[in-house]
Amino acid sequence: MTKELICICCPMGCRMTIELDGEKVVSVTGNTCKRGSAYAVTELTAPVRMVTTTVRTADGVSIPVKTKEPVPKERIFDCVSEIKKAEVTLPVRVGDVIIENVASTGIPVVAAKTVPCR
Ligand code: SF4
């Protein structure tokens, strides 16, 4: 079986063809660099995504946050659900850890923006 995939690792957007034997990647063609083949293997065997969303302070200020690393795609809902329950206190600096181990993934959630006291 073959699958088509566009690499999202850089703006070139190489169109790749991935040959599979069951769930095993046999070959990747069309990629210009090694990042493309690594992305293809991850995407087809254990896809991951960065999670970006917001948390709120007690008085309703919205703080943009993101996972520090991509999380397994099937855990995104759990991560967003936990992040939505978090409450932060100002001030917040970009990179501050908001949740140390979101949804038991081992991955922290950090502030994506500095928000001073109001
Ligand atoms: S394969 Fe390499 S050059 Fe092509 S889009 Fe991916 S990162 Fe960019």
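Residues numbered from 1 in each chain as written. Predicted model: local features only at pLDDT ≥ 70, side-chain atom pairs only at ≥ 80, totals over all residues.

In this sheet, strand β2 (residues 15–21) lies alongside strand β1 (residues 2–6) in antiparallel orientation, the contact comprising five bridges. Residue pairing for β2: Glu4 is matched across the bridge by Thr17. Where β2 lies against strand β3 (residues 24–29), five bridges are found, and the strand directions are antiparallel. Across the sheet, residue Asp21 finds its bridge partner in β3, namely Lys24. Hairpin connection, β2 to β3: the antiparallel pair is bridged by two residues, and Gly22 has positive phi, about 65°. (Pairing = 2+ DSSP bridges. Helix = DSSP H or I, 4+ residues; strand = E, 2+ residues; numbered from the N terminus.)

Taken together, the neighbourhood of the ligand is formed by Cys7, Cys9, Cys10, Met12, Gly13, Cys14, Asn31, Thr32, Cys33, Arg35 and Gly36. Of the residues that constitute the shell around the ligand, the class distribution is six nonpolar, four polar and one charged. (Near = placed C-beta within 6 Å. Nonpolar A, V, L, I, M, F, W, Y, C, P; charged D, E, K, R; others polar.)

Ile63, Val65, Cys79, Ile83 and Val102 are the most contacted members of the largest nonpolar core, which has 13 residues in total. Residues contacting Val102, with those up to four places away along its chain left out, are Thr67, Cys79, Glu82, Ile83, Ile107, Pro108 and Val109. Judged by nonpolar contacts, the second largest core, of seven residues, contains Cys14, Ile18, Val28 and Ala40. (Core = buried A, V, L, I, M, F, W, Y, C linked by C-beta atoms within 7 Å. Buried ≥ 20, exposed ≤ 12 C-beta atoms within 10 Å, placed from the backbone. Contact = placed C-beta atoms within 7 Å.)

What follows covers the domain arrangement of the chain. Each domain of the chain was delimited in the assignment, giving domain 1 (2–46) and domain 2 (52–111). One C-alpha centre belongs to domain 1, the other to domain 2; they are set 30 Å apart. (Domains from an automatic or database assignment.)

What you see with strand β6 (residues 62–67) is a clean split: Ile63, Val65 and Thr67 sit on the buried side and Ser62, Pro64 and Lys66 on the side with no burial. Looking at chain direction, strand β5 (residues 52–57) and β6 are connected through five bridges and run antiparallel. Looking at β6, one finds that Arg56 is bridged to Ser62. Counting the residues in the hairpin turn of β5 and β6 gives four residues, including Gly60, whose phi is positive at 90°. Where β6 meets strand β10 (residues 109–111), three bridges bridge the pair, whose relative direction is antiparallel.

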